[in-house]
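Given next are the chains, with one letter for each unit.
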Amino acid sequence: MNYEEAIQYFESSAHLCDFVDMLGIISDDDQQKGVEVVQKQTACDNDTANLVWDYFKREYGTKENNPIMQARENFSKEQALEEHRQRAEEYKYRNNAECPYCHSKNTKKISGFSKAGSVALFGVFAMGKVSKQWHCNQCKSDF
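The residue numbering used here restarts from 1 in each chain and proceeds along that chain's sequence as written. Since the coordinates come from a predicted model, pLDDT governs what is reported: local features require at least 70, and pairs of side-chain atoms require 80 or more to be given and counted, while whole-chain, interface and lining totals use all residues. Side-chain numbers here rest on the full set of heavy atoms in the structure, without hydrogens or water.

Visitor: Give me the side chain of Ser 27: which residues, what numbers.
Guide: Relative to the helices and strands, Ser 27 is located in helix α2 (residues 16-28). The buried label applies to any residue whose accessible area, calculated with a 1.4 Å probe on protein chains only, is under 20% of its type's maximum; exposed applies above 50%, and partly exposed to all values in between. What makes Ser 27 buried here is its relative accessible area of 15%. We call two residues in contact when some of their heavy atoms are within 4.5 Å. Residues within four places of Ser 27 in sequence aside, it is in contact with Asn 66, Ile 68, Met 69 and Arg 72. Put simply, DSSP H or I for four residues or longer makes a helix, DSSP E for two residues or longer makes a strand, and each gets a number counted from the N terminus.

Visitor: Go over helix α4 (residues 46-60) with me, naming the residues and quoting the values.
Guide: Multiply 1.5 Å by the residue count of a helix minus one, and that product is the helix's expected span. The end-to-end C-alpha distance of α4 is 21 Å, a good match for the 21 Å that 15 residues give at a rise of 1.5 Å each. Residues of α4 that are buried include every one of Thr 48, Ala 49, Val 52, Trp 53, Tyr 55, Phe 56 and Tyr 60, and no others. The arc that holds every buried residue of α4, seen down its axis, measures 160 degrees, which confines them to one face. In this structure, α4 carries Asp 47 and Arg 58 as exposed residues pointing more than 90 degrees from its buried face. In this fold, the buried residues of α4 make contact with α1 (3-11), α2 and α3 (31-42). For this quantity, the arc is that covered by the directions from the helix axis to the C-beta atoms.

Visitor: An account of the packing of α1 against α4 is requested, with residue identities and associated values reported.
Guide: Helix axes are fitted only over the stretch in contact, all axes being lines through C-alpha atoms; the angle between N-to-C directions runs from 0 to 180 degrees. Interaxial distance between α1 and α4 falls to 9 Å at its minimum, and their mutual angle equals 50 degrees. Taken together, the axis directions place α1 and α4 in an arrangement best described as oblique. Every pair of crossing elements has a handedness; the one defined by α1 and α4 is right-handed. For the pair α1 and α4, contact is made by Tyr 3, Ala 6, Ile 7, Phe 10 and Glu 11 and by Thr 48, Leu 51, Val 52, Tyr 55, Phe 56, Arg 58 and Tyr 60, respectively. Classification used: nonpolar for Ala, Val, Leu, Ile, Met, Phe, Trp, Tyr, Cys and Pro, charged for Asp, Glu, Lys and Arg, polar for all others including Gly. Here the residues of the contact of α1 with α4 sort into nine nonpolar, one polar and two charged. Just so you know how the angles are binned, under 35 degrees is roughly parallel, over 145 roughly antiparallel, 65 to 115 roughly perpendicular, and the rest oblique. In a left-handed crossing the near helix is turned counterclockwise from the far helix by less than a right angle, and in a right-handed crossing that turn is clockwise.

Visitor: So, the pattern of salt bridges: which residues are in play, and what are the values?
Guide: Salt bridges are identified by distance alone: a Lys or Arg side-chain nitrogen within 4 Å of an Asp or Glu carboxyl oxygen. A full pass over the atoms with the stated rule returns five salt bridges. A salt bridge links Arg 72 to Asp 28, with the nearest nitrogen and oxygen atoms 2.7 Å apart. With Arg 72 in helix α5 (residues 67-92) and Asp 28 in helix α2, this pair connects stretches of sequence that are 44 residues apart. For Arg 72, a relative accessible area of 38% puts it in the partly exposed group. One connected set of salt bridges, linked through shared partners, spans Lys 63, Glu 73 and Lys 77.

The values reported here are purely geometric and, on their own, carry no functional implication.
Written out as structure tokens, the structure reads:
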């Protein structure tokens, strides 16, 4: 195939899988593999394959024109955001005790005021809470 035929081959809807493969190779910026794929699919010579690679790199080598580059960037952003959320969650509960029942770190210290209020309201029946130091927000147990 000549230069124009090779480009039409990849851009035709009949060879969509080959075109998507080429977009992935362009995203990886792997010229050697790209030239090899062009030669294999179109049976053109090395010079023509290099010209076809250059055309595709120029046309689809930016994230605005290459959906695979866009998807990779979006995935990287989402992954970074998720890691940030996890670090923030770990920081939020880093000094908290771990619940012995559900192993959550989403706990809070039972204040002396809360213990005194329980004794005032429930008297002897609040002794269970008075002897505990932590409250689990996950399973609602005191320990």
